[in-house]
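The primary structure of each chain is shown beneath.
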Amino acid sequence: MAQDFAAYGPSHWIVLAVFAAGAAGLVVLGRVHPGRAPSRVLAVLVLALQLSIQAYSLAPSRFAIDHSLPLQLSDLAGYVTAYALWSHRQWAFTLTYYWGLTLSVQALVSPALRGPDFPHITFIAFWGIHLLAVWAAIYLTWGVRMRPDWRGYRLAVVVTTAWAVTMLVFNSVAGTNYGFLNGKPAQTSLLDLFGPWPWYLLPEFLLVWGVWALMTLPWTMRRHLVPKGTAS
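Below: a short report on this structure.

So, how was this worked out
Residues numbered from 1 in each chain as written. Predicted model: local features only at pLDDT ≥ 70, side-chain atom pairs only at ≥ 80, totals over all residues. Heavy atoms only, no water. Helix = DSSP H or I, 4+ residues; strand = E, 2+ residues; numbered from the N terminus. Rg over C-alpha atoms; globule rule 2.2 N^0.38 Å. Buried < 20%, exposed > 50% of the residue type's maximum accessible area, 1.4 Å probe, protein only. Areas by Shrake-Rupley, 256 points an atom, 1.4 Å probe, with all protein chains shown as cover. Lys, Arg positive; Asp, Glu negative; His and termini not counted. Charge placed at Lys NZ, Arg CZ, Asp CG, Glu CD. Core = buried A, V, L, I, M, F, W, Y, C linked by side-chain atoms within 4.5 Å. Contact = heavy atoms within 4.5 Å. Axes fitted to C-alpha atoms, helices over the stretch in contact; angles between N-to-C directions. Parallel < 35°, antiparallel > 145°, perpendicular 65-115°, else oblique. Left-handed = near helix turned anticlockwise from the far one by under 90°. Nonpolar A, V, L, I, M, F, W, Y, C, P; charged D, E, K, R; others polar. Expected span 1.5 Å × (residues − 1). Polar contact = N/O pair within 3.5 Å; in protein donor to acceptor, adjacent residues only side chain to side chain. Phe/Tyr/Trp six-rings, centres within 6.5 Å; stacked < 30°, edge-to-face > 60°. Lys NZ or Arg CZ within 6 Å of the ring centre and 35° of its normal. Patch = residues over 30% accessible without salt bridge, like charges linked within 9 Å, V, L, I, M, F, W, Y side chains within 5 Å. Salt bridge = Lys/Arg side-chain N within 4 Å of Asp/Glu carboxyl O.

Comments concerning the overall build of the chain
Move 1: Scanning the chain from N- to C-terminus turns up 7 helices and 0 strands.
Move 2: Along the chain direction, N to C, the helices and strands of the chain fall in the order α-α-α-α-α-α-α.
Move 3: Computed over C-alpha atoms, the radius of gyration of the chain comes to 18 Å, within 12% of the 17 Å expected from 2.2 N^0.38 for 232 residues, which places it in the range of a compact globule.
Move 4: Over its C-alpha atoms, taken along the principal directions, the chain stretches across nearly 55 × 40 × 30 Å.
Move 5: Residues counted as buried form 42% of the 232 residues belonging to the chain.
Move 6: When the accessible area of the chain is evaluated, it comes to approximately 12300 Å², of which 72% is carbon and sulfur surface.
Move 7: Considering the chain, the positive charge centre built from 14 side chains and the negative charge centre built from 7 side chains are found 22 Å apart.

Examining the nonpolar core
Move 1: Leu-85, Trp-127 and Trp-212 are the most contacted members of the largest nonpolar core, which totals 52 residues.
Move 2: Listed by contribution, the elements that provide at least two residues to this core are helix H1 (10–32), helix H2 (36–58), helix H3 (73–87), helix H4 (90–109), helix H5 (121–143), helix H6 (150–174) and helix H7 (201–225).
Move 3: Here this core gets 12 residues from one element, more than from any other, and that element is H5.
Move 4: Not counting chain neighbours up to four residues away, the residues in contact with Leu-85 comprise Ser-39, Arg-40, Leu-42, Ala-43, Val-46, Ala-136, Tyr-139 and Leu-140.

Describing the packing of H3 against H4
Move 1: Their axes nearest at 9 Å, the elements H3 and H4 cross at an angle of 135 degrees. The orientation of H3 relative to H4 falls into the category oblique. As for the relative orientation of H3 and H4, their crossing is left-handed in sense. Contact with H3, carried on its side by Leu-73, Leu-76, Ala-77, Val-80, Thr-81, Tyr-83 and Ala-84, involves Trp-91, Ala-92, Phe-93, Leu-95, Thr-96, Trp-99 and Leu-103 of H4 and no other residues of that element.
Move 2: Its residues assigned to classes, the contact of H3 with H4 shows 12 nonpolar, 2 polar and no charged.

Concerning H6
Move 1: Its 25 residues place the ends of H6 36 Å apart at the C-alpha level, agreeing with the 36 Å of an ideal helix rising 1.5 Å per residue.
Move 2: Turning to H6, its buried residues are Gly-152, Tyr-153, Ala-156, Val-157, Thr-160, Trp-163, Ala-164, Met-167 and Asn-171.
Move 3: With a side-chain oxygen positioned 3.3 Å from the backbone nitrogen of Arg-151, the residue opening H6 is Asp-149.
Move 4: Looking one or two residues past H6, Gly-175 carries a phi angle of roughly 75 degrees, positive in sign.

Overview of the packing of aromatic side chains
Move 1: Scanning the model with the defined rule gives 15 aromatic pairs in all.
Move 2: Taking the centre distance of 5.1 Å and the plane angle of 80 degrees together, the rings of Tyr-97 and Tyr-98 count as edge-to-face.
Move 3: An aromatic cluster is present here, built from Phe-93, Tyr-97, Tyr-98, Trp-150, Tyr-153 and Trp-212 joined pairwise through their rings.
Move 4: Taking the ring centre of Trp-86 as reference, the NZ or CZ of Arg-40 above it sits at 4.4 Å.
Move 5: Looking at Arg-62, its charged tip hangs above the ring of Tyr-56, at a distance of 3.8 Å from the centre.

Quick notes on the side chain of Thr-216
Move 1: Here Thr-216 is to be found in helix H7.
Move 2: Residue classification places Thr-216 among the buried residues on the basis of a relative accessible area of 0%.
Move 3: If we ignore the near neighbours within four places in the chain, the residues touching Thr-216 are Tyr-98, Asp-149, Trp-150 and Tyr-153.

Section: a nonpolar patch on the surface
Move 1: On the surface, Trp-150, Leu-214, Leu-217 and Met-221 cluster together into a nonpolar patch covering about 370 Å² of accessible area.
Move 2: Judged by relative accessible area, which is 31%, Trp-150 ranks as partly exposed.

Some details on the side chain of Gln-50
Move 1: Relative to the helices and strands, Gln-50 is located in helix H2.
Move 2: With a relative accessible area of 1%, Gln-50 lands in the buried category.
Move 3: Within the structure, Gln-50 has its side chain in polar contact with the side chain of Asp-75 (distance 3.2 Å).
Move 4: Ignoring anything within four residues of it in the chain, the contact list for Gln-50 reads Ser-74, Asp-75, Gly-78, Tyr-79 and Ile-129.

Purely spatial values, then, with no claim about function.
Structure, rendered in C-alpha cells:
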C-alpha cells in the first residue's frame, strides 16, 4: 500500500522539478512551432484528463456529494483551458492566464491533497490537471505570445466572483465546501493568515484581484512603450 502524500516530501519535489522542466520545454515548443497543432494536442490531453477525472469521481462506488461534483474552480478551469488551447480565443486565454498562474500555482505550492502518494490514481489526477493548467498558461503566454488586457481582467473578476457566490449558496444548502469557501482546508494554507470564516473571504479575494491586476499591468504598459512593428 502506498504511503500518504506529504507536502514537500520526495514526490512533491519531483513534481515541482517536472513542472519546471515542462514549463521551459513548452515555451521553447511554442516559439519553435507557433502553429495550432501542438496547442491542439495539449488541448486534447487536458480535456481527456479532465473528463477521466470526472468519470472516476462520479462512479457510483466513489461518489460523494462533498467532492465528486465538477464544481471546483479547477474543474471549470480544465474545460476553459482545453478550449483556450484549441481555439486561441482571447477570453478563454484570459481565464487560463489568471486561473492557471495563481490558483493552480497555489495548488502546486500548498497542495490540498489528502490521500495516497505516487503512483495512486488520485495523486496522478491531482497533479496532472494542475500541472497542465499552469503549463497551458505559460505556453500560451510566453510560447504562443498571447497577452492579457484590462478587459480580460474584468472578465476574470466577474466570472470568478459569480462562481464563488454560487458555490457559497450551494455549499450552505448541501453542506459541502467546494472552493474552501465555507471553511479552510485541513492543511496549512495562505488562508490561515486571514482569520476565521467568513472573514478570510474578503482579504482572499482582494489579494487575488490585486495580484491579477499586477499580472496585467506589465503587458498593458509594454503595449504603450514598445513601438508598433517591434516584436514583443
